[in-house]
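Residue strings, one per chain:
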Amino acid sequence: MDLLKKIRILADAAKYDVSCSSSGSDRENKNSGIGNASFYGICHSWSEDGRCISLLKILFTNICIYNCSYCVNRCSNDVERALFTPEELADITINFYRRNYIEGLFLSSAVYKSPDYTMELLIKTVKKLREEYNFNGYIHLKAIPGADVNLIRLAGLYADRMSVNIELPSEKSLKLLAPQKTKESIIKPMSFIHNQLMEKSESKKLMRRTDKFVPAGQTTQLIIGATPESDRTILKLSENLYKYYDLKRVYYSAYIPVFNDNNILGMTSPPLLREHRLYQADWLLRYYNFKADELLTEEEPNFDVSLDPKINWAMKNLNLFPVEVNTADYNMLLRVPGIGLRTANRIVKARKAAYLNYDSLKKLGVVLKRAKYFITCNGKYYGECEIETDKIKNKLLPKRNVIEGQLSIFDIDNTLNNLPIIV
Amino acid sequence: MVNYIFDGTFDGLMTVIYEAYYSHQHPNDIFSEINHQINFLGHDVFVSTDIDKSNKVQHAIETKISNKALRNIYYAYLSELESSYMLIYRYIRLGFKIGKKIDYFIQNDIVHEVTKLSQKVRHEAYKMIELIRFKEVKKGLFIAKIHPDYNVLPIIMPHFAERFQDQYFIIHDEKRNLSAVYDKKAWIITDIPLQDISNMKDTEDYEILWKMYHKSISIEERKNLRLQRQHMPKKYWDMLTEKQ
Ligand code: SF4
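Model, not experiment: these values are computed from the prediction.

J.: Where do I start with the site of the ligand in this structure?
T.: Taken together, the neighbourhood of the ligand is formed by C64, Y66, C68, Y70, C71, N73, R74, A110, V111 and K181 of chain A. Considered class by class, the residues forming the shell around the ligand number seven nonpolar, one polar and two charged.

J.: Just checking my understanding: could you explain the interface of chain A and chain B for this structure?
T.: Quoted interface sizes are often the accessible area lost when the parts come together. The partner chain B presents 54 residues to the 62 residues of chain A that form the contact. Across the chain A to chain B interface the summed buried area is about 5500 Å²; carbon plus sulfur atoms make up 59%. It is W46, E48 and R99 of chain A in chain A that bury the most area against chain B; as a group they hold 14% of the surface buried on that side. At the junction of chain A and chain B, the tally comes to six salt bridges. Residue D109 of chain B pairs with K363 of chain A through a salt bridge whose shortest N-O separation is 2.9 Å.

J.: Help me out: how do you make sense of the UniProt feature "domain: Radical SAM core" (unreviewed entry) in chain A in this one?
T.: Following the UniProt record, the feature "domain: Radical SAM core" (unreviewed entry) maps to residues 58–188 of chain A here. Segment residues 58–188 of chain A splits into 41% helix and 11% strand. End C-alpha atoms: 24 Å apart.

J.: So what exactly am I meant to see when it comes to the environment of Y252 of chain A here?
T.: Residue and element names in this part refer to chain A. Examined against the element boundaries, Y252 turns out to sit in strand 8 (residues 249–254). With relative accessibility at 0%, the residue Y252 sits in the buried group. C-alpha of Y252 to C-alpha of V18: the two residues are 234 residues apart in sequence and 7.4 Å apart in space. Dropping the residues within four chain positions of it, Y252 is found in contact with V18, L222, I224, I234, L235, S238, E275, L278, Y279 and D282. A distance of 2.7 Å separates the side chain of Y252 from the side chain of S238, its partner in a polar contact.

J.: Hey, could you run me through the domain arrangement of chain B in this one?
T.: All names here are of chain B. Annotation of chain B at the domain level lists domain 1 (2–124) and domain 2 (128–243). Centre-to-centre separation of domain 1 and domain 2, based on C-alpha positions: 31 Å. If you look at the interface, domain 1 gives eight residues, while domain 2 gives ten residues. Here domain 1 and domain 2 share an interface that buries about 890 Å² over both sides, 54% of which is from carbon and sulfur atoms. Of all residues in domain 1, the largest losses of buried area upon contact with domain 2 belong to L78, E80 and E124, amounting jointly to 65% of the total for that side. Counting across the domain 1 and domain 2 interface gives one salt bridge. Where domain 1 packs against domain 2, one counts six residue pairs in polar contact (both at pLDDT 80 or more). Elements with a contribution of two residues or more to the side of domain 1 that touches domain 2: helix 3 (67–78) and helix 5 (109–131). In the side of domain 1 that touches domain 2, the residues fall into four nonpolar, one polar and three charged.

J.: What is the right way to read the packing of aromatic side chains from this model?
T.: Remark: the centre distance and the inter-plane angle together describe each pair of aromatic rings, the angle taken between the planes. By the definition in use, this model includes 27 aromatic pairs over all chains. A centroid spacing of 5.1 Å and a plane angle of 85° characterise the contact between F6 of chain B and Y85 of chain B, whose relative ring orientation is edge-to-face. Of this pair, F6 of chain B sits in strand 1 (residues 2–6) while Y85 of chain B is found in helix 4 (residues 84–98), placing the two residues 79 residues apart along the sequence. Taken together, Y97 and F135 of chain A together with F134, F160, F164, F169 and Y182 of chain B form an aromatic cluster joined through their ring pairs. Between R335 of chain A and the ring centre of F290 of chain A, over which it is positioned, the NZ or CZ distance is 3.9 Å.

J.: Would you take a moment to explain the pairing of strand 8 (residues 187–190) of chain B for this structure?
T.: As a general feature of sheets, a regular strand has side chains that alternate between the two faces. Residue and element names in this part refer to chain B. Relative to strand 8, strand 7 (residues 178–182) is paired through four bridges, and the arrangement is antiparallel. Directly across from A180, in strand 8, lies its bridge partner I189. Between strand 7 and strand 8, which pair antiparallel one after the other, the connecting turn spans four residues, and K184 there sits at a positive phi close to 75°.

J.: Is there a simple way to think about a positive patch on the surface in this case?
T.: On the surface, R342, K349 and K352 of chain A together with K68, R71, K100 and R122 of chain B cluster together to form a positively charged patch. Of all the elements, helix 12 (residues 341–353) of chain A adds the most residues to the positive patch, at three residues. Residue placement: K352 of chain A occurs in helix 12.

J.: Just to check I follow, could you spell out the environment of R176 of chain B for this structure?
T.: All names here are of chain B. In this structure, R176 sits in the loop between strand 6 (168–173) and strand 7. With 44 residues separating them in the primary sequence, R176 and E220 have C-alpha atoms 40 Å apart. Ignoring sequence-local partners within four residues, the contact set of R176 consists of E80, P148, D149, Y150 and N151. Polar contacts involving the side chain of R176 include one to the main-chain carbonyl oxygen of Y150, which spans 3.5 Å.

J.: Is there a simple way to explain the pattern of salt bridges in this structure?
T.: Should the charged atoms of two oppositely charged side chains come close, the side chains can pair. Tallying each qualifying case throughout the model produces 33 salt bridges over all chains. Its salt-bridge partner being D160 of chain A, residue R130 of chain A comes within 2.8 Å of it at the nearest N-O pair. Residue R130 of chain A is located in helix 3 (residues 115–132), and its partner D160 of chain A is located in the loop between helix 4 (149–158) and strand 6 (161–163); the two are separated by 30 residues in the primary sequence. The class for D160 of chain A is buried, based on a relative accessible area of 0%. Here E275 of chain A makes a salt bridge to R222 of chain B, at a shortest N to O gap of 2.7 Å. One end of the pair, E275 of chain A, is in helix 8 (residues 272–287); the other, R222 of chain B, is in the loop between helix 7 (205–216) and helix 8 (225–231), on a second chain. Via salt bridges that share partners, R232, K236, D293 and E298 of chain A belong to a single interconnected network.

J.: How should the side chain of Q228 of chain B be read in this particular structure?
T.: Residue position: Q228 of chain B is located in helix 8. The class of Q228 of chain B is buried, set by a relative accessible area of 1%. Apart from residues lying up to four places away in sequence, Q228 of chain B is in contact with W46, S47, E48 and G50 of chain A together with H214 and K243 of chain B.

J.: When you look at the confidence of the model for chain A in this model, what are you seeing that I'm missing?
T.: Atom-level detail of predicted coordinates should not be read off regions where pLDDT is low. Residues and elements named next belong to chain A. The share of residues in chain A with pLDDT of 70 or more is 89%, and the mean pLDDT across the chain is 86. Per-element confidence in chain A ranges from a low mean pLDDT of 76 for helix 15 (residues 389–396) to a high of 97 for helix 2 (residues 86–98). Taken together, the stretch residues 400–423 has pLDDT below 50 and engages in 66 contacts with residues farther than four places along the chain or on a different chain.

J.: Quick question: what am I supposed to make of the confidence of the model for chain B here?
T.: Averaged over every residue, the pLDDT of chain B is 92; the share at 70 or more is 96%. Across the whole predicted complex the pTM is 0.88, and at the interface the ipTM reaches 0.93.

J.: Honestly, the domain arrangement of chain A in this entry has me stumped. Any pointers?
T.: Residues and elements named next belong to chain A. Segmentation of chain A into domains returns domain 1 (3–25 + 38–295) and domain 2 (309–396). When the area that domain 1 buries against domain 2 is broken down by residue, the three leading residues are Y288, F290 and E294, summing to 52%. Summed over the shared surface of domain 1 and domain 2, the number is one salt bridge. Taking the shortest distance from any N to any O, the salt bridge between E294 and R335 comes out at 2.9 Å.

What counts, and at which threshold
The numbers attached to residues start from 1 for each chain and follow its sequence in the written order. Lettering for chains starts from A, numbering for ligands starts from 1, and both go in the order in which the items are written. pLDDT decides what is reported in this predicted model: residues at 70 or higher carry local features, side-chain atom pairs at 80 or more are listed and counted, and totals for whole chains, interfaces and linings draw on all residues regardless. Computation of side-chain values: all heavy atoms of the structure, hydrogens and water removed. One heavy atom within 4 Å of a molecule or strand makes the whole residue count as near it. Residues are grouped as follows: Ala, Val, Leu, Ile, Met, Phe, Trp, Tyr, Cys and Pro are nonpolar; Asp, Glu, Lys and Arg are charged; every other residue, Gly included, is polar. Note on contacts: a residue pair is in contact if any heavy atoms of the two residues lie within 4.5 Å. Here's the idea: put two parts together, see how much 1.4 Å probe accessible area each one loses, and the total over both is what we call buried area. Between Lys or Arg on one side and Asp or Glu on the other, a salt bridge is scored when a side-chain nitrogen of the former is within 4 Å of a carboxyl oxygen of the latter. UniProt positions are given in the numbering used here, feature names are shortened, and annotations may be inferred rather than shown by experiment. Put simply, DSSP marks the helices as runs of H or I at least four residues long and the strands as runs of E at least two long, and each gets a number from the N terminus on. Whether a residue is buried, partly exposed or exposed follows from its accessible area with a 1.4 Å probe, protein chains only, as a fraction of its type maximum: under 20%, in between, or over 50%, in that order. Contacts described as polar in this section are N or O atom pairs within 3.5 Å, which, within protein, must combine one atom able to donate a hydrogen with one able to accept it, while residues neighboring in sequence count only if both atoms come from side chains. For the domain bounds, the source is a domain assignment made automatically or taken from a database. Stacked, tilted and edge-to-face are the three classes applied to pairs of Phe, Tyr and Trp rings, where Trp contributes its six-membered ring and a pair requires centres within 6.5 Å; stacked means planes under 30 degrees apart, edge-to-face means over 60, and tilted covers the rest. Any Lys NZ or Arg CZ that is within 6 Å of a ring centre and within 35 degrees of that ring's normal is treated as a charge sitting over the ring. DSSP-based pairing: two strands are paired if at least 2 bridges between them are found. By definition, no residue in a patch forms a salt bridge, and every one has over 30% relative accessible area; like charges are joined within 9 Å, nonpolar side chains (Val, Leu, Ile, Met, Phe, Trp, Tyr) within 5 Å. In short, Shrake-Rupley with a 1.4 Å probe defines the accessible areas, and a residue's cover is counted only from the protein chains shown. The charge count treats Lys and Arg as positive and Asp and Glu as negative. His and the chain ends do not count. Here the site of a charge means atom NZ of a Lys, CZ of an Arg, CG of an Asp or CD of a Glu. Scored between 0 and 100, pLDDT is the confidence that the predictor attaches to each residue.

Dropping the structure here:
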């Protein structure tokens with residue numbers, strides 16, 4: 001089978017994995033070889049769906065012994081199959097890299113013959129890249145569920161990042177849709193990687209140099225909307241993954257019903273807007289010091305998709321507003337809709353140089369359209385309506401009717417689709 | 001009040017700053033000789049570039065103002081906008097007055113303008129780092145062509161030289177007729193014309209594979225061309241293999 005056909009089949013089969021980030025590693029170009037990793041990651045292209053292409057994201061093979069019902073590659077599905085050799089894949093990676101198409105390789109695979117056998121093939125490929133081609137670019141490797149931990153350890157010495165996809169947000173759903181996988185086969189590699197990382201950071205203090213084990217840490221992916229879990233269940237799961245496993249990122253992938261299956265909840269179009277709200281909320285957890293419980297409650301376990309989660313939170317906590325931008329502490333500034341991380345930093349610095357007036361806020365990057373309802377500047381309120389939920393909400397709701405899925409007319413300024421450059 | 005004319009180089013501009021300070025002759029305007037017609041009314045002063053004076057000014061900016069300020073000045077200069085020279089002069093004056101605080105003083109108009117300009121240049125340099133496409137025109141020799149709005153070659157070369165240490169490559173700026181050449185040891189930027197650069201082609205095999213990859217990785221149900229264009233502006237499409 002020719003390479004062109006393999007690329008067509010195996011890129012197509014890999015496209016539902018949303019992670020493509022190349023961040024978190026600052027691997028250097030050693031011994032005058034080829035490549036290095038940029039800590040903040042670099043995108044090199046954008047596909048027609050607007051998603052960033054940073055890595056050559058591809059499956060080693062889509063021939064699978066398992067039959068997970070949410071997945072196109074399940075063995076009972078009638079699709080074209082293909083299989084690379086380690087040589088072919090290493091050669092394509094290097095030649096794409098030399099032309100500045102990509103930052104590196106994101107290699108995943110269906111379960112071919114057995115989890116261990118598949119893991120060995122992936123390791124062979126990346127070993128070739130690192131040792132024969134002297135390649136120091138970014139490598140993200142998938143840990144195949146059920147593979148031996150010794151193989152995972154070995155893989156981690158070549159990779160910058162590893163991921164184990166949880167896919168389904170509850171054990172019940174996993175049993176239902178992916179009966180051949182167990183919760184254990186997912187959690188075990190994840191906690192193994194976590195423990196290795198902890199150990200390495202301990203031993204780094206003792207020795208000057210240790211082999212780097214997945215320097216960019218690990219990530220996972222959850223499928224949104226294929227099973228009935230609420231936003232709250234999903235967000236609490238993410239919160240725990242960040243807390244206990246120190247994950248770098250949890251990715252959310254709106255389920256795209258590519259075929260009919262009785263297990264699936266009769267969905268017709270992917271819940272893109274819901275996915276977008278979860279990303280925003282995830283962002284609030286990681287960088288804005290929010291807790292999942294502050295954002296969603298048992299009584300209201302799902303986001304109002306028409307509102308940004310931060311605005312949603314502010315609406316419910318109007319008693320805390322307005323805040324005075326010249327004096328409010330950093331954490332409170334962060335909670336103001338329309339003030340982001342960078343803007344909050346700038347405000348804190350700028351107000352040391354001079355008192356801030358309303359005009360200067362714009363130069364600092366404050367989105368006044370949203371922020372003005374929640375702040376005062378030198379004691380003056382500019383929100384041209386009273387601080388009441390309904391009135392503000394009225395002003396902040398988008399005027400146009402937003403059809404679920406049409407993200408392009410909605411607030412894409414939140415850089416959701418360009419996340420890789422921000423870690 | 002005089003008009004200062006310099007040779008268009010960064011060292012030249014820094015020499016102007018030096019002269020303006022030591023002669024106490026504040027500029028009415030600053031021009032690069034490349035764009036400027038000599039004015040016979042006699043207010044023009046031509047400043048010849050002096051590396052020592054330039055270094056002194058740069059050193060003073062770094063120590064008395066900040067590293068960040070020096071970088072902002074350099075990037076604003078690379079915008080090649082005729083208006084940037086006076087802006088830079090005013091920024092430096094302000095900097096010598098208020099020092100390091102200038103980094104936070106974004107509400108000031110001069111600081112705001114310089115920062116904005118510097119950000120635009122940096123942004124385009126970053127876009128080039130993302131979007132440059134090399135072609136292997138001869139075994140082991142890679143060439144990329146660009147036509148950026150700003151003169152970003154000096155910003156992006158360190159990145160590529162570090163990354164592609166084992167590969168001969170040239171990045172050619174078609175708009176300015178400049179070529180950055182790397183020979184596995186060091187890089188230079190030169191305006192010496194390169195032979196036949198226009199009709200050199202890649203072997204194509206990998207270009208075809210890349211186009212196929214690019215098409216297959218996109219999800220039809222999520223199609224969003226507007227978003228794609230936002231990140232990959234149309235003005236750069238002719239550089240992109242996947243858009244050919
Ligand atoms: S094991 Fe992976 S590739 Fe195979 S069916 Fe399940 S999800 Fe799909």
